[in-house]
Amino acid sequence: MDWLLDRVLDWLLDWMLGQIVENSSLGAFVVEESFSDLKFADDAIPQVSYASTAPELSDNNRYDFFSRVVPPDSYQAQTMLDIVKALGWNYVSTLASEGNYGESGVDAFIQISREAGSTALSRVNVSFFLSSVSGGVCIAQSVKIPREPTDGEFDKIVKRLMETSNARGVIIFANEDDIRQVLEAAKRANLTGHFLFVGSDSWGAKSSPVTELEDVAEGAVTILPKRASIDGFDQYFMSRSLENNRRNIWFAEFWEDDFRCKLTRPGIKLDPDKKKCTGEERIGRDSSYEQEGKVQFVIDAVYAVAHALHNMHQDLCRGSYGVCSNMDPVEGRLLLNYIRTVTFNGEKTHTHLQLFFEDQGHTVWRNMRPVCFSVGIEEENQLSRQLTVLLANQIYIS
């Protein structure tokens with residue numbers, strides 16, 4: 001592997017705390033300081049995201065320099081509809097956190113449900129979508145969680161969902177805090193076991209929304225992009241310390257948060273309520289550690305840019321070391337073309353399929369996989385296997 005690819009992959013190791021692309025649905029997409037030695041001829045800088053899932057980012061007229069290695073929410077919505085059909089449901093409600101992620105996800109689900117054979121009917125300010133052909137799913141009502149909920153807001157939301165109590169299935173695109181408060185409100189209302197949730201990747205395999213609320217969440221099916229743990233990353237990250245990771249400007253802040261201690265800094269008074277960091281703490285030994293689920297996608301994003309730069313360098317600077325005059329400055333549109341034409345084996349795909357970009361800037365090959373919440377492990381494995389078989393032949397563009 002040549003010098004450029006080696007260097008870009010080395011920069012990846014700082015990702016956990018200094019991310020290439022901000023982790024948000026519509027968040028900042030720009031690949032940042034890793035390429036600070038490259039100059040662009042104009043403002044047309046290609047962007048590759050490992051976490052931005054908003055459907056509107058597929059609009060090449062507005063976001064023509066944007067690419068991503070994760071599925072847009074529209075494909076999550078399709079997967080969720082497939083799960084609803086696989087479970088034999090035809091009457092559900094939707095619940096969304098206010099904002100782009102939640103509202104776009106629910107809108108996509110409703111649109112796909114309509115396309116599967118639904119027509120709209122309005123009654124008492126509640127939208128009903130009644131199936132007109134086989135395969136359609138009826139939407140009892142769509143409820144939105146306010147961005148800044150008032151006291152008692154979640155109790156009102158649960159009460160509203162009970163207005164159509166026969167719609168026990170709830171499609172939920174919400175942040176984990178909102179999910180937890182919905183479950184808590186359902187428990188306060190003595191509705192444990194009433195609602196059956198199908199949740200998006202914001203719930204995924206996270207335990208925080210359901211801790212001590214497992215009885216309310218039982219039966220939920222959540223989805224997330226198929227992913228795998230990356231060998232070697234845990235050993236690397238757990239070996240990081242204040243001494244050997246000084247180049248990462250966010251690491252000290254992470255250290256304080258992870259070990260719940262305070263580092264002494266010149267001119268800053270130590271909080272008496274917090275213990276002083278010794279610097280001898282160790283990740284995974286003195287704190288809990290689990291590999292962040294997006295590591296795989298970050299690696300894929302870095303590889304996409306690295307391979308594109310490598311191929312561009314091979315074509316424009318053959319025989320030269322470093323950035324030659326043909327790449328100084330870099331033409332953004334040309335680099336985008338190289339990014340969109342890269343092909344490589346993605347990290348831990350457990351498949352012989354290669355990762356490549358299609359016209360809308362999504363990578364092709366990723367599957368969505370179901371995660372099932374149930375008391376019995378055997379029940380969970382059986383349901384997960386059933387859903388996986390039902391969805392196995394469907395490859396979702398991501």
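Structure's up top.
About the criteria used
Residues numbered from 1 in each chain as written. Predicted model: local features only at pLDDT ≥ 70, side-chain atom pairs only at ≥ 80, totals over all residues. Heavy atoms only, no water. Helix = DSSP H or I, 4+ residues; strand = E, 2+ residues; numbered from the N terminus. Contact = heavy atoms within 4.5 Å. Core = buried A, V, L, I, M, F, W, Y, C linked by side-chain atoms within 4.5 Å. Buried < 20%, exposed > 50% of the residue type's maximum accessible area, 1.4 Å probe, protein only. Pairing = 2+ DSSP bridges. Right-handed = clockwise from strand over helix to strand, strands pointing away.

Participant: I tried to follow the environment of Cys317 on my own but got confused; where do I start?
Facilitator: Of note, Cys317 is situated in the loop between α9 (295–316) and α10 (332–340). Spatially, the C-alpha atoms of Cys317 and Met327 are 7.6 Å apart, while their sequence positions differ by 10 residues. Excluding residues within four positions of it along the chain, Cys317 makes contact with Met312, Cys324 and Met327.

Participant: Explain the nonpolar core to me, please; I cannot follow it from the model alone.
Facilitator: One recurring pattern in soluble globular proteins: nonpolar side chains tend to sit buried together. Ranked by size, the top nonpolar core spans 39 residues in total, and within it Tyr50, Trp255, Ile283 and Leu335 carry the most contacts. Those elements giving two or more residues to this core turn out to be α7 (233–238), α8 (251–259), α9 and α10. With 12 residues, α9 is the largest single contributor of residues to this core. Not counting chain neighbours up to four residues away, the residues in contact with Trp255 comprise Arg240, Ser241, Leu242, Arg260, Cys261, Leu263, Cys277, Gly279, Glu281, Arg282 and Ile283.

Participant: Before we go on, may I ask you to explain the pairing of strand β8 (residues 196–199) in this structure?
Facilitator: Consecutive residues of a regular strand have side chains that alternate between opposite faces of the sheet. Pairing of strand β7 (residues 169–173) with β8 involves four bridges; the strand directions are parallel. Each residue of the ladder has a partner; that of Ile171, found in β8, is Val198. What joins β7 to β8 is helix α5 (residues 176–188), and the crossover it makes is right-handed. Here β8 pairs with strand β9 (residues 221–225) via two bridges, running parallel.

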